[in-house]
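Here is what each chain is made of, one letter per residue.
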Amino acid sequence: MAAKAQVVDQIVVNIPYEFVVGGTTLPPGSYRVDRLSSTDSGALILSSFESSARVMVRSTSVESTQDDKPEVSFEQVDGQHFLSKIKTADHVFTISVFPFGNP
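Residues numbered from 1 in each chain as written. Predicted model: local features only at pLDDT ≥ 70, side-chain atom pairs only at ≥ 80, totals over all residues. Heavy atoms only, no water.

Caption draft 1: Up close: unusual backbone geometry. Positive phi, normally seen in glycine, also occurs at D78, with a value near 50 degrees. If you trace the backbone, D78 turns up in the loop between β9 (71-77) and β10 (80-87). Residue D78 is classed as exposed on the basis of its relative accessible area, which comes to 76%. (Helix = DSSP H or I, 4+ residues; strand = E, 2+ residues; numbered from the N terminus. Buried < 20%, exposed > 50% of the residue type's maximum accessible area, 1.4 Å probe, protein only.)

Caption draft 2: Representation of the nonpolar core in the model. Formed by 19 residues in total, the largest nonpolar core has its most connected members in F19, V21, L46, L83 and I86. Those elements that provide at least two residues to this core are β2 (11-15), β3 (19-21), β5 (29-35), β6 (43-48), β7 (54-58), β9 and β10. Counting residues per element, this core draws most heavily on β2, which supplies three residues. Apart from residues no more than four positions distant in its own chain, V21 is found in contact with L26, L46, V55, V57, L83 and I95. (Core = buried A, V, L, I, M, F, W, Y, C linked by side-chain atoms within 4.5 Å. Contact = heavy atoms within 4.5 Å.)

Caption draft 3: Highlighting the packing of aromatic side chains. Under the definition given, this model contains three aromatic pairs. Between Y17 and F74, the aromatic rings sit 5.3 Å apart at their centres with planes inclined by 75 degrees, giving edge-to-face as the arrangement. Highlighted residues: Y17 in the loop between β2 and β3 and F74 in strand β9, separated in sequence by 57 residues. Y17 sits in the partly exposed class, given a relative accessible area of 23%. Judged by centre distance (5.7 Å) and plane angle (75 degrees), the ring pair of F19 and F74 falls under edge-to-face. One end of the pair, F19, is in strand β3; the other, F74, is in strand β9, and 55 residues separate them in sequence. Comparing F19 with F74 shows no difference in burial state: the two are buried. Taken together, the ring pairs in this structure connect Y17, F19, Y31 and F74 into an aromatic cluster. (Phe/Tyr/Trp six-rings, centres within 6.5 Å; stacked < 30°, edge-to-face > 60°.)

That's the geometry; what it means functionally is another story.
The structure is reproduced here in structure tokens:
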């Protein structure tokens, strides 16, 4: 999955499979990740380039980083891919795989 930094905490990723984030299942494709606002560092928006799919994501932790390789990470549970981490050039956002408790 290639990712490219554009502005602070904004990346574009190509996700080759269906995935779950925030209780929502999203189709494969290209997504832009943006911060919801400059004052709330834990809230992100994922927006699909191919469809109208859009979901707000609340991170459980935000850590500063200086990394030239932005990326997203997934945990696979029962055959489903759950978005678990978003790394931008400036921050690492950890996302709860089970926002409503364990399965």
